[in-house]
Amino acid sequence: IPKATNITNRKFPSTFIWGAATAAYQIEGAWDEDGKGESMWDRFVHSDPTHIDDRSTGDVACDSYHKWQEDIELLKQLNVKLYRFSVAWTRILPTGYLESFNQAGVDYYVNFVKALRAAEIEPMVTLYHWDLPQTLSEQGGWLNDSTADRFGDYARIVFKNLGPYVKLWATINEPKTTCTQGYASGEMAPGLKLVGDGIYQCARVQLLAHATAYHIYHDEFADQGGNVTIVIDATYNEPLTDSAADAEAAEWEFEFNLGWYANPVYLGDWPQIMIDRVGNRSKAEGLSQSRLPPWSKDELEFVKGTFDYFALNMYTAVAVNAIDEPPIGTGNYYLDKGTGTSYKPEWTPSIAGWLYSYPYGMRGLLNRVWSKYNPGSIYVTENGWATTEDLNDQGRLEYLQGYLSNMLDAILEDGVVVDGYTTWSLMDNFEWARGYTQRYGIIDVDFNSPNRTRTFKDSAKWYSQTAATYCLVDTCVD
Ligand code: GBH
């Protein structure tokens, strides 16, 4: 196995848990089978094929709905002990309402988690990875406060039925991506462009939904003894220059991205800089209330502290610079944050425009999350690299090796508690608006074959060795 430079040859702690991640809409297919309802992603891809770069859909995807036993075999061959996957809300409650309850959906996932346990693989279940029931979407989706209650109804069913086999829960995956890409840029479902106000309301409703599920678990299923949190994605924000202004801008960027979701959950309330900047700009626009919806005292209490660990998705670094105050006029999150972003020339680009390799960013961000939010335990629930289809994926191998090496530095040198890691992704899958043009899997999937044949890439061979030896290179010292 080739050695990248500066990779530590020390072992990960024996308690560290190696895993892989996927999401329902990206792998399952069987979009309308066995009573499943339509989700907003089903609608998004079917209503206008141009929403997706290659005009593809997740109708079949990796066909994991049928090939789940084969997926468990792959996990075993990878030597991983943790599998992060998501449940499709529309298999459990096809319309999002209780009266639409679908037993076949529950049975499917109960069988699946039982089989994972039998294979000695711990399930980490994400309740929501972007596939909102279309019925709820038409009633406002993440702009409508009542969606938080519907999410609670759904979460209760999943906790009750899967809870005996599941100890690690994630409520909502990357709420920020849903708000920015789904409700502001319109690149993802439901394709709305509400860049000044809907984007903030979407964050509020998702945080209420998360907190609702968290409290249901701890009030009604505490005897299951599991841990619940929300999955937040973040970049490592490096000031573009060593000027004080760029350092402050990097701080604003941090708060307008990670802090937007982490601050309410871990510390209480929106970050102060968001309250100030969005409030001031809203006032200057002549609005009577901030476009960032203020929390009531009860809501604040309800959301604060709703975590049992920190689930962090981390892929890239961003360089941040100060800019002149953007003109007042149209409400816009991207102007509210008042920063400029770019990528440094020394970082390695991937084929995804937003994703650059800067391995130190993993160590830097883990330290920041650890000291700022004091979460007790961190799982890195996604981290991965985009390529075209290629079995000889040396670039991915080096990316993972470099990021994991920096994670190990955070653990051994800095005392950050990282308990587990689920790489993105177990296998190539439907990459949202990019369709099948960008591959993140360590395992290749042949989307031209009806069998959706899975083949280990070089990175998967390396990862299976690493998961067995706790070592990023061929030989480690303890
Ligand atoms: C993850 O998000 C998702 O959870 C996962 O489903 C997905 O397959 C994986 O990434 C790979 O993309 O287009 O410049 O506006 C990672 C965080 C946040 C990264 C939104 C891309 C859009 C940047 N993503 N971001 S841009």
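First, a word on what this report is: a plain description of the structure on this page. (Residues numbered from 1 in each chain as written. Predicted model: local features only at pLDDT ≥ 70, side-chain atom pairs only at ≥ 80, totals over all residues. Heavy atoms only, no water.)

1. Some points on the overall build of the protein
In plain terms, the rule: Put simply, DSSP marks the helices as runs of H or I at least four residues long and the strands as runs of E at least two long, and each gets a number from the N terminus on. Computation of the radius of gyration draws on C-alpha atoms, with the globule rule given as 2.2 Å multiplied by the number of residues to the power 0.38. Each residue gets one of three labels from its accessible area relative to the maximum for its type: buried under 20%, exposed over 50%, partly exposed in between, using a 1.4 Å probe on protein chains only. Here a residue-residue contact requires only that any non-hydrogen atoms of the pair lie within 4.5 Å. Each accessible area is a Shrake-Rupley estimate made with a 1.4 Å probe; only the visible protein chains count as cover when residues are assessed. Charged residues are defined here as Lys and Arg on the positive side and Asp and Glu on the negative side; His and the ends of the chain fall outside this count. Positions of charges follow a simple convention, taking NZ of Lys, CZ of Arg, CG of Asp or CD of Glu.
The secondary structure content of the protein amounts to 16 helices and 13 strands. By the compact-globule yardstick of 23 Å for 478 residues, the protein fits well, its C-alpha radius of gyration being 21 Å. Based on the C-alpha atoms only, the size of the protein along its principal axes is roughly 60 × 55 × 45 Å. The buried share among the 478 residues of the protein stands at 61%. If you take every contact in the protein between residues at least 6 apart in sequence, the share linking residues at least 24 apart comes to 79%. If you sum the accessible surface of the protein, you get close to 17,100 Å²; carbon and sulfur atoms cover 49% of it. Charged side chains in the protein number 38 positive and 64 negative. The centres of these two groups are separated by 2 Å.

2. What about the packing of aromatic side chains?
The line we're drawing: Two rings from Phe, Tyr or Trp (for Trp, the six-membered ring) form a pair when their centres sit within 6.5 Å of each other. Planes less than 30 degrees apart are called stacked, planes more than 60 degrees apart edge-to-face, and all others tilted. Here, a charge over a ring means that NZ of Lys or CZ of Arg falls within 6 Å of the ring centre while also lying within 35 degrees of the ring normal.
Taken as a whole, this structure holds 56 aromatic pairs when the rule is applied. On the numbers, 4.8 Å between centres and 25° between planes, the contact of Trp260 with Tyr333 is stacked. Highlighted residues: Trp260 in helix α10 (residues 244-267) and Tyr333 in helix α13 (residues 333-336), separated in sequence by 73 residues. Here Tyr333 falls in the buried class, since its relative accessible area comes to 1%. Following the ring pairs from residue to residue traces out a cluster consisting of Tyr25, Trp41, Phe44, Trp130, Phe430, Trp432, Tyr436 and Phe447. Directly above the ring of Phe254 sits Arg368, whose terminal nitrogen or CZ lies 4.2 Å from the centroid.

3. A few points about unusual backbone geometry
With an omega of 5°, the peptide bond between Ala189 and Pro190 qualifies as cis. Relative to the elements of secondary structure, Pro190 occurs in the loop between α8 (175-183) and α9 (198-220). The amide bond that connects Trp424 to the next residue, Ser425, takes the cis arrangement and shows omega of 10°. Considering the arrangement of structural elements, one finds Ser425 in the loop between β11 (418-424) and β12 (443-445). Here Arg55, not a glycine, exhibits a phi torsion of approximately 60°, which is positive. Positionally, Arg55 belongs in the loop between α2 (40-47) and α3 (68-77).

4. With respect to the side chain of Ser350
To keep things clear, this is the line we draw: For the purposes of these results, a polar contact is taken to be a pair of N or O atoms within 3.5 Å, where, inside protein, one atom must be able to donate a hydrogen and its partner to accept one; residues adjacent in sequence count only when each atom of the pair is a side-chain atom.
With respect to the helices, strands and loops of the structure, Ser350 is situated in the loop between β8 (348-349) and β9 (356-357). The exposure class assigned to Ser350 is buried, which follows from its relative accessible area of 14%. Here the side chain of Ser350 touches Leu355 through a polar contact of 2.8 Å, landing on its backbone oxygen. Setting aside residues up to four positions removed in sequence, Ser350 forms contacts with Leu355, Trp385 and Ala386.

5. Comments concerning the pattern of salt bridges
For clarity, the cut-off: The working definition used for a salt bridge is a side-chain nitrogen of Lys or Arg within 4 Å of a carboxyl oxygen of Asp or Glu.
Evaluation of the coordinates by the stated rule reveals 35 salt bridges. The salt bridge partner of Asp409 is Arg363, with a shortest N-O separation of 3.6 Å. Of this pair, Asp409 sits in helix α15 (residues 394-412) while Arg363 sits in helix α14 (residues 360-373), and the two are 46 residues apart along the sequence. Overall, the relative accessible area of 15% leaves Asp409 in the buried class. In this structure, the salt-bridge partner of Asp444 is Arg439, at a minimum N-O distance of 4.0 Å.

6. What to know about the pairing of strand β4 (residues 168-173)
Moving residue by residue along a regular strand, the side chains alternate between the two faces of the sheet. Heads up, the condition is: Strand pairing requires that DSSP identify at least two bridges connecting the strands.
Across the six residues that make up β4, a large majority, six, are buried. Two elements, strand β3 (residues 122-128) and β4, share four bridges in a ladder whose sense is parallel. Bridge assignment links Thr126 to a residue of β4, and that residue is Ala170. Two strands pair when backbone bridges link them, and β4 and strand β5 (residues 227-239) are joined in this way by four bridges, in the parallel orientation. Opposite Trp169, over in β5, you have Val228 as the bridge partner.

7. Regarding the site of the ligand
Applied cut-off: Any residue with at least one heavy atom within 4 Å of a molecule or strand is counted as near it. When residue character is reported, Ala, Val, Leu, Ile, Met, Phe, Trp, Tyr, Cys and Pro are called nonpolar, Asp, Glu, Lys and Arg charged, and the others, Gly included, polar.
Residues in contact with the ligand amount to 15 residues; listed here are only the nearest, Gln26, His129, Glu174, Glu431 and Trp432. One of the side-chain N or O atoms of Glu382 is found 2.9 Å from an oxygen atom in the ligand. The side chain of Glu431 places a nitrogen or oxygen atom 2.6 Å from an oxygen atom of the ligand. Considered class by class, the residues forming the shell around the ligand number six nonpolar, five polar and four charged.

8. Digging into the state of the cysteines
One covalent bond between the sulfur atoms of two cysteine residues makes up a disulfide. Heads up, the condition is: Two cysteine sulfur atoms form a disulfide, by the criterion used here, when they sit within 2.5 Å.
This structure, assessed with the given rule, holds two disulfides. At a sulfur-sulfur separation of 2.1 Å, the disulfide partner of Cys471 is Cys476. On the sign convention where negative is left-handed, the bridge of Cys471 and Cys476, at about 90° about the S-S bond, is right-handed. Once the bonded cysteines of the protein are numbered in order along the sequence, the disulfide links fall as 1-2, 3-4.

9. Observations regarding the environment of Thr22
Within the secondary structure, Thr22 sits in the loop between β1 (17-21) and α1 (24-27). Residues Thr22 and Gly152 lie 130 residues apart in sequence; the distance between their C-alpha atoms is 23 Å. With residues up to four places along the chain from it excluded, the contact list for Thr22 reads Ile27, Tyr83, Arg84, Phe85, Ser86, Trp424, Ser425 and Leu426. Only 2.7 Å separates the side chain of Thr22 from the side chain of Tyr83, close enough to count as a polar contact.

10. Some words on the nonpolar core
Note the following rule: The criterion is simple. A nonpolar core is a set of buried Ala, Val, Leu, Ile, Met, Phe, Trp, Tyr and Cys residues joined through side-chain atoms within 4.5 Å.
In this structure, Trp41 and Met407 are the most contacted members of the largest nonpolar core, which totals 150 residues. Among the elements that take part in this core, α9 stands out by supplying 13 residues, more than any other. Excluding residues within four positions of it along the chain, Met407 makes contact with Phe12, Phe16, Met362, Leu366, Val380, Val418 and Tyr421.

11. As for α10
Basically, it comes down to this: Each residue after the first adds 1.5 Å to the expected span of a helix. Across the chain, bend at a residue is computed as the angle between axes fitted to the seven residues ending at that point and the seven starting from it.
Helix length check: α10, at 24 residues, gives a terminal C-alpha distance of 26 Å against a target of 34 Å (1.5 Å per residue), a shortfall beyond 12%. Approximately 65° is the largest bend angle found in α10, and it occurs at Gly259. With 18 of 24 residues buried, α10 lies mostly within the body of the structure.

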